[in-house]
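# Chain and residue survey
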Amino acid sequence: MTYSYFPGCTLKTKGKDLDIWGRASMEALGVTLEELPQWQCCGAVYPQAKDEIATKLSSVRALVSARDQGRDLVTLCSACHHVIKRVNCDMAQDEYIRTRANNYLQLETPYAGETKVLHYLEVLRDEIGFDKLKEQVKRPLAGRKIGAYYGCLLLRPSKELKFDDPENPTIMEDFIRALGAEPVVYAMRNECCGGYTTLENKPYAAKQAGKVLDNAANCGAAEIITACPLCMYNLKENGGGRLPVKYFTELLAEALGVKEAEA
Amino acid sequence: MQKIGVFVCWCGSNIAATVDVQAVSDALAKEPGVVFSTNYQYMCSQAGQDMIQDTIKEYGLTGVVVCSCSPRMHEATFRKTCEKAGLNPYMVEIANIREQCSWIHKDKETGTEKAIILGRAAIAKVHLNAPLTAGQSPVTKRALVIGGGIAGIQTALDIAEAGFPVDIVETKPTIGGKMTQIDKTFPTLDCAACILTPKMVDAAQNENINILSYSEVESVKGFVGNFTVTIRRKARYVDETKCTGCGLCTEKCPQKKVPNEFNLGLDNRRAIYIPFAQAVPKVATIDPNYCTMLKTGKCGVCSKVCTAGAIDYKQQDELIEREYGAIVAATGFNPISMDKFDEFAYSQSPDVVTSLEFERLMNAAGPTGGTLLRPSDGTHPHTLVFVQCVGSRCDGGEKGKPYCSKICCMYTAKHAMLTREKYPDTDVYVFYIDVRTPGKNFDEFYRRAVEEYGVHYIKGMVGKVVPENGKLKVQASDLLGGQQLHIDADMVVLAAAIEPDKSARPLATMLTASMDTNDFFTEAHPKLRPVESPTAGVFLSGACQGPKDIPDTVAQAGAAAAKVIGLLSKDQLTCNPCVANSNELMCNGCSACEKVCPYGAITYIDKDFRGPNRTTLRRRVAQVNPAVCQGCGACTVACPSGAMDLKGFSNAQIMAEVDAICK
Amino acid sequence: MSDMTEIVKRISGVNPRKCMKCGKCSAACPAYDEMDYHPHQFVDMVENGRLEELMDSKGIYMCLSCFACLERCPRSVEPAKLIEAVRLAVVRQQDKNHLKPEQIPGLLDAELPQQAITSAFRKYRK
């Protein structure tokens, strides 16, 4: 199986661990992630205003590129997924945006949301299947109590993201279970960590991160996983070191035996 | 040629303001066959009706056209008027020049022109009208009530009181419905069981009432006065006639881990069970999903301990068929699932409960014996947060319901008040969007909760509940106080929206009764016929028609009974003569009509027809049962050969109207 | 300013009249205490033409765009879109960018992901 893959800017620099172990794991699972040629940054936030067209074009280019290769587009970073998936919804559903974006790009074949956008976790759940993943696990993470941190971008708005139940998601818990570890459900797992305000209002970002980590720890989690480099930064740097935070792909790579266990 | 009289009504200024009624009556006077034409201020008044009757006699009219309001309003009036003057009532046609003309036009010239055209169409139709005679059909003097909650019980009791036999079909092992689970009732705080169980016993003892518990309606055939209903009596593996309700089996059954639905899963029951002490009928039922004997063939403890020999592991579902004259839907409601509202952490903490679960936790017969204890650890809660409108008043997406569930404001006030009364050491918060308490002594009740019992009513909503370290961290808005509140609560109680029982939709299909988009049964008229379905002979009782509290439900249940009694007290029903009729000479026996008929009124017979040279031809032709046909006309459209026609609305009559309009 | 109100409504796609004043948005908002006006007030104030006060408020830069208000609103009003539209109404004016490139070096640290800077530029300037 081969998918087009959009890594995004952060995964090439500060978020390398998310990317490297993500690719290595998929390789081990027999899936090829082929990086889109000449991809551009998605913009990191989805422009909500109806008259924001130009800021959506880099996402449209990525979507068109995947379409032209006849492949589904896989994302890994929460922010990239959020932006690209929502832009794709606009291209499929909003005639105003579709017309204008196509006018800008002057494509041979106009784009209307044909590409299927999948988050890495959705590939695991819906394409590979957690049952199959469980069979591939070489080093089960038995005895580890892990809290999944979803944050906001993967889940909301659920009408567009269609990722999981926005108030009671289970995909990352099922993932943790497939790796042989014990998922710890805690209510703050779908609340915002405050990461976006880290530049202007660090005390607030820290307070919000602290709430997330306290809740996870108080519910019995010994470590946290995330799919978002900004959450990773905020929980780690502003969260006071209450719990270790890892990318979910690191955990996956450990369980599949492609990465040395860190303890 | 018909001799037609035309009567144009002014309807005060309703018609006359935008239609020149004199011009209309003058123009229509010139139509072929019209021998008399006039206009009058109120044609439906006694004077107007007298004028019509006098004219029929004086001019020997064979047909009448009244240009007035909608036929839904006064067609019956004018038909009766003409019948009294010796004219067949089906020789009367109404031209609707009010709703379809004067009310929607501003320009008098246009309005007048259209009124003349509508009058002309009616005249064209009358030329082709033929006198019709209504038939009669007998009435089976027995009623069926579907659903044995307080609505169904009250309807059945009232029908039985009038002397008619009535069957209650209830899907659960006992009648009583939701009210059996409720602790106290607002606004008087009398105990629900104390006022309900005597009624349940009355129903059981009334010789006109037959309770079919643990049973479901399987199919419905027939029509008003003559329904044939098949009822599935589910196997309860206990002989109802032998079981004494001693309850020994329910104590000895070794399968103890069955979630007890009566207590909403807050505790367990056995595989053989009697739902609660006052159940009617007080008969045990074996749950086949949990019974070891039924699943593996090994056990048989209940059979051994039963001195009455009532246990019968071989019992099968039984189908019975019965005749009824009237059917009452009383299928009730359920709270919606909290699955999509997990910001309240319902799935994450047992201390987040729905209001119905809270009723059980406050009830002396409930899992905690009436002491309010937290489900998680059995401790006494000190801070309670009630959230109203959970899933009500949503904008109609996938989540929630667009309507107000109506009962939540009052029962939440009740819960808050009872909590404070029983446990003065508690802090009780109620988050509301609006407090809606119209009803006798209702607002006074709510004010008492605030003023006497010190319940904190906060205008705002709860946005998130985080269970942590044995507490429920509630984050909420306080809109009047201009702050976001953070409350460490011990319990959170969700006033879940209510929805019609899931059995209502398939039942509506069986009854050909209409429903709204929320699966509530639709009434025949929202104001004037609130307890009748538009389908003749089908009546509505309780929350299956819309959210209702107990007083409203009982009132409506009585009203539905009154309508049923009115129907059953008739020996014969007059049928609508405007029914379909098949021209056998044109029918090719294709079955197209039979397939579209929603009432099952069409059958096929093989019939001999005379052929050329003294031969006979046997052909398959459609036959309409006029007592079953409702005159919907679907068959006339489906018929490819033009054999099927509707009396009073024949294809020729409709075409004549169209021609008159297009002329 | 009334033209501006219409623009804010149009580019946000929000119809404030759908609001039933339940306060769910402000109950869900994790940044409530950081904002001088709260999500439900954005809806009410746009509806009542009080856009200028909103545009002057600092809270528009404190919204996390976490979409909790939007997700949990029982009437699909989507306050998050309105807050972003108000912010755009401010930063699209000349010299009203909230973030200047020269500020960036002072805000960086070794671990800060690119995403944080990109998104800040997207949200705070035009």
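Residues numbered from 1 in each chain as written. Chains lettered and ligands numbered in written order. Predicted model: local features only at pLDDT ≥ 70, side-chain atom pairs only at ≥ 80, totals over all residues. Heavy atoms only, no water.

Residues and elements named next belong to chain B. As enumerated under the stated definition, the model contains one disulfide over all chains in all. Linked covalently through their sulfurs, Cys191 and Cys194 form a disulfide whose S-S length is 2.3 Å. Here the disulfide of Cys191 and Cys194 is right-handed, its torsion about the S-S bond being about 90°. Its relative accessible area of 23% is what places Cys191 among the partly exposed residues. A disulfide-free cysteine, Cys593 has its sulfur positioned 6.2 Å from the sulfur of Cys635, the nearest such atom. Overall, the relative accessible area of 7% leaves Cys593 in the buried class. Counting only cysteine sulfurs, Cys635 is the nearest neighbor of Cys629, a cysteine outside any disulfide, at a range of 6.1 Å. Judged by its relative accessible area of 12%, Cys629 falls in the buried class. (Disulfide = S-S within 2.5 Å. Buried < 20%, exposed > 50% of the residue type's maximum accessible area, 1.4 Å probe, protein only.)

Here the bond from Arg156(A) into Pro157(A) is cis, since omega is -5°, no more than 30 degrees from zero. Position of Pro157(A) among the secondary structure elements: in the loop between strand S5 (145-148) and helix H7 (158-161). Cis geometry is adopted by the peptide bond preceding Pro281(B), which originates at Val280(B) and carries an omega value of 0°. Considering the arrangement of structural elements, one finds Pro281(B) in the loop between strand S15 (272-273) and strand S16 (285-286). A positive phi angle is found at Glu78(C), which is not glycine, with a value near 65°. Given a relative accessible area of 18%, Glu78(C) falls into the buried group. (Helix = DSSP H or I, 4+ residues; strand = E, 2+ residues; numbered from the N terminus.)

Residue and element names in this part refer to chain A. When strand S1 (residues 2-6) meets strand S2 (residues 32-35), the two strands line up parallel, connected through four bridges. Residue pairing in the sheet places Ser4 in a bridge with Glu34 of S2. The handedness of the S1 to S2 crossover, carried by helix H1 (residues 16-28), is right-handed. (Pairing = 2+ DSSP bridges. Right-handed = clockwise from strand over helix to strand, strands pointing away.)

A word on the packing of helix H3 (residues 78-93) of chain A against helix H4 (residues 95-105) of chain A. Residue and element names in this part refer to chain A. Packing of H3 against H4 brings their axes to within 6 Å, and their N-to-C directions diverge by 100°. Between H3 and H4, the angle falls in the class roughly perpendicular. On H4, the residues that touch Asp90, Met91, Ala92 and Gln93 of H3 are Glu95, Ile97, Arg98, Ala101 and Asn102. Per-class residue counts for the contact of H3 with H4 are four nonpolar, two polar and three charged. (Axes fitted to C-alpha atoms, helices over the stretch in contact; angles between N-to-C directions. Parallel < 35°, antiparallel > 145°, perpendicular 65-115°, else oblique. Contact = heavy atoms within 4.5 Å. Nonpolar A, V, L, I, M, F, W, Y, C, P; charged D, E, K, R; others polar.)

Residue and element names in this part refer to chain B. Where nonpolar side chains cluster on the molecular surface, the patch consists of Phe649, Ile654, Met655 and Val658 and spans about 330 Å² of accessible area. With respect to the helices and strands, the residue Ile654 is situated in helix H18 (residues 651-662). For Ile654, a relative accessible area of 35% translates into the label partly exposed. (Patch = residues over 30% accessible without salt bridge, like charges linked within 9 Å, V, L, I, M, F, W, Y side chains within 5 Å. Areas by Shrake-Rupley, 256 points an atom, 1.4 Å probe, with all protein chains shown as cover. Salt bridge = Lys/Arg side-chain N within 4 Å of Asp/Glu carboxyl O.)

Turning our attention to empty space enclosed by the protein. According to the stated counting rule, one finds 10 cavities of 30 Å³ or more in the structure shown. Put simply, the largest cavity is a space of about 150 Å³. Lining the largest cavity are 16 residues, with Val45(A), Tyr46(A), Glu84(C), Arg87(C) and Lys123(C) sitting closest to its centre. Ranked by residues supplied to the lining of the largest cavity, first place goes to helix H6 (residues 79-91) of chain C with three residues. Residues that form the lining of the largest cavity fall into these classes: seven nonpolar, three polar and six charged. (1 Å grid on protein atoms, 1.4 Å probe; cavity = no way out; pocket = protein on both sides within 12 Å on 5 of 7 lines; lining within 4 Å. Points joined across faces, edges and corners; volume = space filled by probe spheres on them.)

All names here are of chain B. Among the eight residues of strand S21 (residues 383-390), eight are classified as buried, and the element is accordingly described as predominantly covered. Both S21 and strand S22 (residues 427-432) contribute to a ladder of five bridges, which runs parallel. Bridge pairing in S22 links Thr383 to Asp427. Taken together, the five bridges between S21 and strand S27 (residues 491-496) define a ladder with parallel strand orientation. Bridge pairing in S27 links Phe386 to Val493.

All names here are of chain B. Note that Cys11 resides in the loop between strand S1 (4-9) and helix H1 (21-29). Residue class for Cys11 comes out buried when judged on its relative accessible area of 13%. Each C-alpha atom, one on Cys11 and one on Gly454, is 58 Å from the other, the two residues being 443 residues apart in sequence. Apart from residues no more than four positions distant in its own chain, Cys11 is found in contact with Gln41, Tyr42 and Arg98.

This part is about helix H8 (residues 171-178) of chain A. Residues and elements named next belong to chain A. In terms of burial, H8 is largely enclosed, as six of its eight residues are buried. For H8, every residue scored as buried is listed here: Ile171, Met172, Glu173, Phe175, Ile176 and Ala178. Elements that come into contact with the buried residues of H8 comprise helix H5 (120-128), helix H6 (130-136), S5, strand S6 (182-184), strand S7 (223-226) and helix H11 (248-256). Remark: Gly180 follows H8 within two positions and exhibits a positive phi of approximately 90°.

Time to look at the packing of aromatic side chains. Residues and elements named next belong to chain B. Inspection of the entire model under this criterion finds 12 aromatic pairs over all chains. Seen from their ring centres, Phe186 and Phe442 are 5.4 Å apart, and the 85° between their planes marks the pair as edge-to-face. Linking Phe186 in the loop between strand S8 (184-185) and strand S9 (190-191) with Phe442 in helix H13 (residues 442-451), this pair joins segments that are 256 residues apart in sequence. Overall, Phe442 belongs to the buried group, its relative accessible area being 7%. Arranged with centres 4.9 Å apart and planes meeting at 65°, the rings of Tyr446 and Tyr457 form a pair that is edge-to-face. One end of the pair, Tyr446, is in helix H13; the other, Tyr457, is in strand S23 (residues 456-459), and 11 residues separate them in sequence. (Phe/Tyr/Trp six-rings, centres within 6.5 Å; stacked < 30°, edge-to-face > 60°.)

Residues and elements named next belong to chain B. By the element assignment, His525 lies in the loop between helix H14 (504-511) and strand S29 (538-540). C-alpha of His525 to C-alpha of Ala580: the two residues are 55 residues apart in sequence and 26 Å apart in space. Here the side chain of His525 touches Leu528 through a polar contact of 2.9 Å, landing on its backbone nitrogen. (Polar contact = N/O pair within 3.5 Å; in protein donor to acceptor, adjacent residues only side chain to side chain.)

All names here are of chain B. Split into domains, chain B comes out as domain 1 (4-128), domain 2 (141-233 + 317-332 + 503-570), domain 3 (235-313), domain 4 (335-499) and domain 5 (580-647). Taking the mean C-alpha position of each, domain 2 and domain 4 sit 31 Å from one another. Counting residues at the interface gives 17 residues for domain 2 and 25 residues for domain 4. Each partner contributes to the roughly 1700 Å² buried at the junction of domain 2 and domain 4, and carbon and sulfur atoms together form 68% of this total. Across the contact surface, domain 2 and domain 4 share one salt bridge. (Domains from an automatic or database assignment. Buried area = accessible area lost by both parts, 1.4 Å probe.)

Right, let's talk about the interface of chain C and chain A for a bit. The interface of chain C with chain A comprises 40 residues on the first partner and 49 residues on the second. Taken over both partners, the interface formed by chain C and chain A buries close to 3900 Å², and the fraction arising from carbon and sulfur atoms is 54%. Across the chain C-chain A interface, the total number found is six salt bridges. As a salt-bridge pair, Asp51(A) and Arg92(C) come within 2.7 Å of each other at their nearest N and O atoms. Our enumeration of links across chain C and chain A arrives at 20 residue pairs in polar contact (both at pLDDT 80 or more). Elements represented by at least two residues in the side of chain C that touches chain A include exactly helix H1 (2-12), helix H5 (68-72), H6 and helix H8 (114-124) of chain C. By residue number, the principal contributor to the side of chain C that touches chain A is H8(C), which donates 10 residues.

The next thing to look at is the nonpolar core. By size, the foremost hydrophobic cluster in this structure holds 141 residues, and its most contacted members are Leu124(A), Leu133(A) and Phe175(A). Here the element with the most residues in this core is H6(C); it accounts for nine residues. Two domains each put at least three residues into this core: domain 1 (2-120) and domain 2 (136-256) of chain A. Discounting chain neighbours no more than four positions away, the residues touching Phe175(A) are Leu121(A), Leu124(A), Phe130(A), Leu133(A), Ile225(A), Phe248(A) and Leu252(A). (Core = buried A, V, L, I, M, F, W, Y, C linked by side-chain atoms within 4.5 Å.)

Right, let's talk about the interface of chain B and chain C for a bit. The partner chain C presents 19 residues to the 21 residues of chain B that form the contact. Surface buried jointly by chain B and chain C totals about 1500 Å² across both partners, of which 47% is contributed by carbon and sulfur atoms. For the chain B face of the interface with chain C, the top three residues by lost area are Asp395(B), Leu479(B) and Gln484(B), together amounting to 34%. Viewed at the interface, chain C and chain B are joined by 17 residue pairs in polar contact (both at pLDDT 80 or more). Counting residues per element, the ones that place at least two in the side of chain B that touches chain C are strand S24 (462-468), strand S25 (471-478) and strand S26 (483-489) of chain B.

With that settled, consider the sheet that holds strand S3 (residues 63-68) of chain B. All names here are of chain B. Across the sheet, four strands lie side by side as S2-S1-S3-S4; this open sheet has parallel pairing. Both edges of this open sheet fall to strand S2 (34-40) and strand S4 (92-96), since each of them pairs with a single strand only. Averaged over neighbouring strand pairs, the angle between their axes works out to 15° when direction is ignored. Relative to S2, S1 is paired through six bridges, and the arrangement is parallel. Bridge pairing links Ile4 to Val34 in S2. Most of the contacts of helix H3 (residues 71-84) go to S4, to which it runs at about 150°, and overall it touches S3 and S4.

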